[in-house]
Amino acid sequence: MTSQHASTEAVPRLANIIPRDSHPISRSKISADALRVLYRLREAGFEAYLVGGCVRDLTLGLEPKDFDVATNALPEQVRRLFRNCRLVGRRFRLAHVFFGREIIEVATFRASGAPPQGDEVVLEEGADELAGDDEAPVEDSRDVHDFDESLDRVVDQSGRILRDNIYGTIDDDVWRRDFTCNALYYNIADFSVWDYANGFDDIKAKRLRLIGDPETRYREDPVRMLRAARFEAKLDFSIESATAEPILRLRELLAGVPPARLFDETLKLFLTGHGAASYRVLLDRGLLDVLLPNVAAFARRHPGSAPQRMLVQGLANTDQRVRADRPVTPSFLFALLMYGPIGLEIEKRPRNEWHEISTILDAVDSVVREIYGRVAIHRRFILGVRDMFALQPRLEAPRGRRALRTLEHPRFRAAFDLLQLRSEFGMADPALVEWWTRLQAAGPQQRVTMSEALSRESAGADNGPSGGGRRRAGRRRGRGRGGRGRGGPAAG
Ligand code: ATP
Ligand code: MG
């Protein structure tokens, strides 16, 4: 990656200013907090624009995920304007203005010497784990020293920055953005939209186009390839051919991106309501093969297999949950993605060991290890995946009071959801799903009765782990589609 900005020579440096009556962006659709930030900056004499995905989404009539502000105020000046403000990012400082749960990100215009967008370390909830998992943060020789905002800057009498190594003006800033659709600025001064890169027309045509020379832009920051896939999936845009063409040639560059950043991108791809579409696009564009090589290899070798179909269905279910504002967890996502590869690992062992917990956990660990070189899954989510898989044999062989303890396990719900999904694809017994569903719905006394009934059954002729009686229906070990052992995922 380089911070050189060599790619925009051919682009005219004049903004097309779209007046309020010629674009659809209404203040009623902008978050009140974002408006507050914009007005405060403006009252203090600064320029203030909404920029990026929020302007794009508002133009499309979609509800933006978050609101980003660009300004000529320096980070320190922004901080002085807002009490609820924190500066983040080491290589390029950004201001985060907090309003309860909403954070408005305020970035000073970047000059060509600034580090690329998307490169700053932005601390989010739980991001401390990132440091824990990855003790060598991702930096190269350019950022060993913290920059000093007071150096090398030309400021005019009113304090306006004229030129800076890091900070610039709006028309420096625009050329550093990735896609034309992400490079519109909504000016709070007169509610016009500033469009330097023909983004407005591209949005209307649902066209995804990189600003500048695509190969250069991908080399500057290979994550832009994943962002292209994400916007294709999320917005149903078509990637313009010059922007699409280099991806297959350059995709290996993603291997050089810090795994912590790829983890963040992976969550954005799969956990923001368009995961099923992202999966399809990533496979079609050959990007999954570099992001999650073992997941892609399974998909290519076992198309139409039960784990494969389950993954697609699971992603679609996850999308629905996101849209309904219900919680989703990265553990479940990674359990889905890894299911096929884990099954293959398990099948390397002798068949009679397939349902042993140690076999299952070894398989999980080995698949996680392969992924971890590319995508640094936070530790707590890895533990979640291990628990979900380790609980499968216990869910498939409920035994007396132990079933009640399983019910109390913090990861029971996720494990049960996985069991249910497996059963939909012939990889677990639906009768078991039904039994656990009843157990969950039952009151405390009834739960004891149900589990004791199970104990009595288990004490019968078959004293094996999954007991006798009604449980027998579920024991198809070694046979048929679901016959890969109770705990062991089937490669189907
Ligand atoms: P989303 O809807 O997912 O928030 P977004 O376009 O807002 O999409 P962000 O990651 O929030 O994406 O980034 C905000 C803006 O910053 C982008 O619209 C783009 O202008 C710029 N940007 C982000 N990442 C990059 C990058 N890697 N290279 C160039 N510009 C980027
Ligand atoms: Mg955004």
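See the structure printed just above.
The rules we used
- Residues numbered from 1 in each chain as written.
- Chains lettered and ligands numbered in written order.
- Predicted model: local features only at pLDDT ≥ 70, side-chain atom pairs only at ≥ 80, totals over all residues.
- Heavy atoms only, no water.
- Helix = DSSP H or I, 4+ residues; strand = E, 2+ residues; numbered from the N terminus.
- Pairing = 2+ DSSP bridges.
- Axes fitted to C-alpha atoms, helices over the stretch in contact; angles between N-to-C directions.
- Contact = heavy atoms within 4.5 Å.
- Buried < 20%, exposed > 50% of the residue type's maximum accessible area, 1.4 Å probe, protein only.
- Salt bridge = Lys/Arg side-chain N within 4 Å of Asp/Glu carboxyl O.
- Near = heavy atom within 4 Å.
- Polar contact = N/O pair within 3.5 Å; in protein donor to acceptor, adjacent residues only side chain to side chain.
- Nonpolar A, V, L, I, M, F, W, Y, C, P; charged D, E, K, R; others polar.
- Domains from an automatic or database assignment.
- Parallel < 35°, antiparallel > 145°, perpendicular 65-115°, else oblique.
- Left-handed = near helix turned anticlockwise from the far one by under 90°.

J.: Mind showing me how you'd approach the environment of Lys 348 here?
T.: Inspection of the secondary structure assignment puts Lys 348 in the loop between helix H16 (330–347) and helix H17 (357–372). The spacing of Lys 348 and Ala 363 is 15 residues in sequence and 9.4 Å in space, taken between C-alpha atoms.

J.: Explanation requested: the sheet that holds strand S2 (residues 48–51) in the structure shown.
T.: Strand pairing in a sheet relies on backbone hydrogen bonds, with the paired strands running either antiparallel or parallel. Ordered in space as S1-S10-S9-S2-S3-S6-S5-S4, the eight strands form an open sheet in which the pairing is mixed. The strands lining the two open edges of the sheet, one partner per strand, are strand S1 (16–18) and strand S4 (85–88). Going across the sheet, the axis of each strand differs from the next one's by a mean of 30°, ignoring polarity. Summarising the sheet, strand S5 (residues 94–99) and strand S6 (residues 102–108) pair through six bridges and their orientation is antiparallel. Residue pairing for S6: Phe 99 is matched across the bridge by Glu 102. Together, S2, strand S3 (68–71), S5 and S6 form the strand contacts of helix H1 (residues 32–43), whose direction differs from that of S6 by roughly 35°. Relative to S2, helix H2 (residues 53–60) is tilted by about 65°, and along the sheet it contacts S2, S3 and strand S9 (184–187).

J.: Hey, could you run me through unusual backbone geometry in this one?
T.: Glycine aside, residues mostly have negative phi, and peptide bonds are mostly found in the trans state. The backbone of Asn 198 sits at a positive phi, close to 65°, despite the residue not being glycine. Relative to the assigned elements, Asn 198 resides in the loop between strand S10 (193–195) and helix H6 (199–204). Accessibility expressed as a relative area gives 35% for Asn 198, which makes it partly exposed. Unusually for a residue other than glycine, Asp 236 sits at a positive phi of about 60°. Along the chain, the position of Asp 236 falls in the loop between helix H8 (223–235) and strand S12 (238–239).

J.: Please clarify how the pattern of salt bridges should be interpreted in this entry.
T.: Side chains that carry opposite charge are capable of pairing whenever their charged atoms lie near each other. Within the structure shown, the criterion is met by 27 salt bridges. Of the charged contacts in the structure, one is a salt bridge between Arg 217 and Glu 220, with a shortest N-O distance of 2.8 Å. Here Arg 217 pairs with Glu 220, and both are found in helix H7 (residues 214–220), just three residues apart, close to one helical turn. One exposure class covers both Arg 217 and Glu 220, and it is buried. With a closest N to O distance of 3.5 Å, Arg 349 and Asp 362 form a salt bridge. Of the two residues, Arg 349 sits in the loop between H16 and H17 while Asp 362 sits in helix H17, which places them 13 residues apart along the sequence. One connected set of salt bridges, linked through shared partners, spans Glu 215, Arg 219, Glu 245 and Arg 249.

J.: What is the right way to read the site of ligand 1 from this model?
T.: By nearness alone, 19 residues border ligand 1, and Arg 56, Asp 221, Arg 224, Arg 230 and Lys 234 come closest of all. At 3.2 Å, a backbone N or O of Gly 53 approaches an oxygen atom of ligand 1. A distance of 3.1 Å separates a nitrogen atom of ligand 1 from a polar backbone atom of Asp 178. Of all elements in the fold, only H2, H8 and helix H11 (259–270) reach the threshold of two or more residues within the shell around ligand 1. With five residues, H8 is the single largest residue contributor to the shell around ligand 1. Across the shell around ligand 1, the residue classes tally to one nonpolar, four polar and 14 charged. Shared between two domains, the shell around ligand 1 takes at least three residues from each, and those domains are domain 1 (1–110 + 167–205) and domain 2 (212–291).

J.: Teacher, can you tell me more about the packing of helix H15 (residues 306–323) against H16 here?
T.: When two helices pack together, their arrangement is given by the angle between the helix axes and by the axis-to-axis distance. Orientation of H15 relative to H16, taken along the N-to-C sense of each, is 165°, at an axis distance of 8 Å. Between H15 and H16, the crossing angle belongs to the class labelled roughly antiparallel. The interaxial crossing formed by H15 with H16 has left-handed handedness. Residues Pro 307, Met 310, Leu 311, Gly 314, Leu 315 and Thr 318 of H15 form the contact with H16, whose own contacting residues are Leu 333, Leu 336, Leu 337, Tyr 339 and Gly 340.

Purely spatial values, then, with no claim about function.
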